[in-house]
Protein chains: 2
Amino acid sequence: MENIQGYVAEHKQRFLNELIELLKIPSVSADSAFKNDVLRTAEAVKFSLEKAGCDHVEICETAGYPIVFGEKIIDENLPTILVYGHYDVQPADPIELWNSPPFEPVILKTDIHPEGAIFARGACDDKGQMYMHVKAMEFMTSTNQLPCNVKFMIEGEEEVGSVNLSTFVKNNHDKLKNDVILISDTGMIAKDVPSITTGLRGLSYVEVEVTGPNRDLHSGLYGGAVANPINVLTKMIASLHDENNHITIPGFYDNVEELSKEERAEMAKAPFSLDAYKKSLDIDAVYGEAGFTTNERNSIRPTLDVNGIWGGYIGEGAKTVIASKAFAKISMRLVPNQDWEEITQLFKKHFESIAPEGVNVLVKPHHGGQGYVTPINSLGYQAASKAYEESFGKKPIPQRSGGSIPIVSLFEQELQSKTILMGFGLDSDAIHSPNEHFGVWNYIKGIETIPLFYKYFTELSK
Amino acid sequence: MENIQGYVAEHKQRFLNELIELLKIPSVSADSAFKNDVLRTAEAVKFSLEKAGCDHVEICETAGYPIVFGEKIIDENLPTILVYGHYDVQPADPIELWNSPPFEPVILKTDIHPEGAIFARGACDDKGQMYMHVKAMEFMTSTNQLPCNVKFMIEGEEEVGSVNLSTFVKNNHDKLKNDVILISDTGMIAKDVPSITTGLRGLSYVEVEVTGPNRDLHSGLYGGAVANPINVLTKMIASLHDENNHITIPGFYDNVEELSKEERAEMAKAPFSLDAYKKSLDIDAVYGEAGFTTNERNSIRPTLDVNGIWGGYIGEGAKTVIASKAFAKISMRLVPNQDWEEITQLFKKHFESIAPEGVNVLVKPHHGGQGYVTPINSLGYQAASKAYEESFGKKPIPQRSGGSIPIVSLFEQELQSKTILMGFGLDSDAIHSPNEHFGVWNYIKGIETIPLFYKYFTELSK
């Protein structure tokens, strides 16, 4: 392609300003208080796709938040790339830990990002990475270099499980027909170590509720004589891991894919410093399943984490109360071959079975998705690899991510096409955390790399 | 005494209205947001004592909330009764579980209180029970029947540990000099089973904080690879009880007073229905330390309960996060001979020692107090027993309460006088819980019974 760097350099400030405007809208899909903002964001995305050169853009209503669909078909005989992304974001809590308001983006320099990084909820996950594709499209159309057909499908419910997207995909096979799916919603190992994500973990997210007495009780008058729902909940949760940090749910590991010595040796080659890892988190030791390395624990092994817990008096000072109820949000990251719905049922059955007398336990499945693996010999992976090599000057490393994009395995099943995960974020970008940010360098590099994928994918498809 | 019932019947409506006005002020000492309300309540109590006939009433400033002191000395040669109570109340959370606003008192009939009960935070604990003494005083002074000297000491920090009251008591031995201390801040077994509390449990209240990574993390990218503070906290708390629900803190039971077979047999005579107990709480089974009955578990045995726990995302929907910190408020009820400060140190030492690598643990002692036992052969107990016998028509039963009034043991130590606990509340009054209430019958009965204690204590002191 001609003059990518030149075009991007010329329009860099506008590319930043447009993203910042998008980040100002608090499109938190998990909290209904933000409903209008989520809907406004869909409109903004539609407008940006029209400006970027799509011939046809529409807002497709669903039972939940709408999906923005756009396309430009230049020749039925050319391959079609389907770009997926999401315009919703994670909740910003705990707000008090943000150094600047989560929906008032600011660009600040950091050690890792001397060129500056955009600080805002969604800066990286996924507004920033999604918008790289919109700007890459603008470059290709405005310079008449779009080499193939393109479709965009940008949803607003990724952070809450993409429940309605799956229905949309099942009902729109023709509309979404494509030769490869392209997603930037993952990360790369480091700015000087480009990588392509070849695996994702599945997810099962549940909420549990333990109920004891029918009302809060005085801990002096009842303490020690009735089951305290909080004490019981801690015992139940603690029992979900054994002394080796293996998960104790019967059947949980039955379908877990065991990697070969060779595959684990290959993984171990990825550059990784345990000291730097611990230092970046201010921890004196790592923790996890016995027999596996840190990078294995967060990629090829399934895990169970409490994401939130609450019960009783959590205000200032002291209250000598025994709460009637205690709650927890628990998620399990799954690996290929573990079926998320089956795991959810195994969890429910087990958790209810370990409830002691004196309490009632309720397990509410939230959402989930299957894991995914893509082979590195596919056309799409080869095209992505060449694109990175040209733009970064070095061959990218294939890596398994610990994250989940529930929809990816469904795409393959419904649309019979492979997904290529070209992520430009860094683990240190603090996605899902206070002070989420996305490097200006990474944002620009993404916009420069994506058109090359279009080029090589079209060439290799001939 | 002459015409107690007649006087009380005549002024009943006013007695109720005055208490309701007092209950309208949200004097929550645990939450600084209510500071002005707590101070206003002290003023209201001062005014009520003046109206009730005290010769001298003052508001004594402390490092925290003030203590209202009032007295009427009629003859140096007569005995002096010191009445203690508190005008602060527990927080009202969880507000949403109240059937009526906690600080807008309403009188409603219940199965146990067909004459109606006053629903409001503090109705029983302790504004209602404290105000019985103010009205009993009014009766005795306005009918010229006060048989002895009386002093009032009403504090505003009982629900947060009475830290400043202890200093006040230490510095005012002469001012507080008395022959017996009278408190109504406990309960009785049932409306037709009057009882006098002869024992209280001590208390140690701590807050714990577990810190893992220096920021909230994405549970996909870090899940299973770093210590999750919430999972760790649940493991640590769960380990504080063994399979028999014995507390595992080394040295915790060293000084626990073991009751004799005879004493336990005596206790077992108190009327108690396990079925009714379970039914009133909607639980299918009780729970607690192996080898002890329900009434023993909540009176003569020490216990450990989590009063509050929080960490991570507790909002609507799902957030796949690993929290940087997790917290819990934990209280231990102690029995006579267990020193609360020593137990607090044992807890701190043990809890810090069981923290795994990868997290930091902070234990913040909140407050506490010693347990207490009063002999039933004392003058005060005998006088109280006669008072109940005359007003209820039956002899009261001595009982140990599971609750704590940290200040009682300090009174004995500093003022060398015994405390008599004449409680008129019921366990079902839901103190410290939503919908706290106090029976109109109990309130009136208390006002009728208290003057008889003055009468008999004075007679027996001759």
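Residues numbered from 1 in each chain as written. Chains lettered and ligands numbered in written order. Predicted model: local features only at pLDDT ≥ 70, side-chain atom pairs only at ≥ 80, totals over all residues. Heavy atoms only, no water.

Identification of chain A as Acetylornithine deacetylase/Succinyl-diaminopimelate desuccinylase from Bizionia echini is taken from an unreviewed UniProt entry.

Side note on the side chain of A:Glu436
Residue and element names in this part refer to chain A. Residue position: Glu 436 is located in the loop between β17 (419-421) and β18 (437-439). Engagement of the side chain of Glu 436 in a polar contact is seen with the side chain of Arg 121, the distance being 2.7 Å. A polar contact of 3.4 Å, which involves the side chain of Glu 436, links it to the backbone nitrogen of Ala 123. Excluding residues that lie within four positions of it along the chain, Glu 436 makes contacts with Trp 98, Ile 118, Phe 119, Ala 120, Arg 121, Gly 122, Ala 123, Cys 124, Asp 125, Asp 429, Ala 430 and Ile 431. (Helix = DSSP H or I, 4+ residues; strand = E, 2+ residues; numbered from the N terminus. Polar contact = N/O pair within 3.5 Å; in protein donor to acceptor, adjacent residues only side chain to side chain. Contact = heavy atoms within 4.5 Å.)

Focus: unusual backbone geometry
Of note, the bond from B:Asp93 into B:Pro94 is cis; its omega dihedral lies within 30 degrees of zero at -5 degrees. By secondary structure assignment, the location of B:Pro94 is in the loop between β3 (80-86) and β4 (106-108). Put simply, B:Asp125 and B:Asp126 share a cis peptide bond, and its omega is -5 degrees. Structurally, the position occupied by B:Asp126 is in the loop between β5 (117-119) and α3 (127-142). Residue A:Ser162 is not a glycine yet carries a positive backbone phi of 50 degrees. Inspection of the secondary structure assignment puts A:Ser162 in the loop between β6 (149-155) and α4 (163-171). You will see that B:Asn245, though not glycine, has its phi angle at about 60 degrees, which is positive. Within the secondary structure, B:Asn245 sits in the loop between α6 (229-238) and α7 (261-267).

Section: the packing of helix α3 (residues 127-142) of chain A against helix α13 (residues 440-461) of chain A
Residues and elements named next belong to chain A. Direction vectors running N to C along α3 and α13 enclose 55 degrees, while the axes themselves pass 8 Å from each other. Judged by the angle between their axes, α3 and α13 are oblique. Crossing geometry of α3 relative to α13 is assigned as right-handed. Across the interface between the two elements, Gly 128, Tyr 131, Met 132, His 133, Lys 135, Ala 136, Phe 139 and Met 140 of α3 pack against Asn 442, Tyr 443, Gly 446, Ile 447, Ile 450, Pro 451 and Tyr 454 of α13. In terms of residue class, the contact of α3 with α13 is built from 10 nonpolar, 4 polar and 1 charged. (Axes fitted to C-alpha atoms, helices over the stretch in contact; angles between N-to-C directions. Parallel < 35°, antiparallel > 145°, perpendicular 65-115°, else oblique. Left-handed = near helix turned anticlockwise from the far one by under 90°. Nonpolar A, V, L, I, M, F, W, Y, C, P; charged D, E, K, R; others polar.)

What to know about the interface of chain B and chain A
Of the residues lining the interface, 92 residues belong to chain B; the matching set on chain A comes to 91 residues. When chain B packs against chain A, close to 7800 Å² is buried across both sides, 52% of that on carbon and sulfur atoms. Where chain B touches chain A, the interface holds 0 salt bridges. Scanning the region where chain B abuts chain A turns up 52 residue pairs in polar contact (both at pLDDT 80 or more). Of the residues forming the side of chain B that touches chain A, the biggest block, 10 residues, is contributed by strand β11 (residues 303-312) of chain B. Of the residues belonging to the side of chain B that touches chain A, the class tally is 36 nonpolar, 35 polar and 21 charged. Examined bridge by bridge, strand β11 (residues 303-312) of chain A and β11(B) share 5 bridges and lie antiparallel to one another. Bridging across to β11(B), A:Trp310 finds its partner in B:Trp310. (Buried area = accessible area lost by both parts, 1.4 Å probe. Salt bridge = Lys/Arg side-chain N within 4 Å of Asp/Glu carboxyl O. Pairing = 2+ DSSP bridges.)

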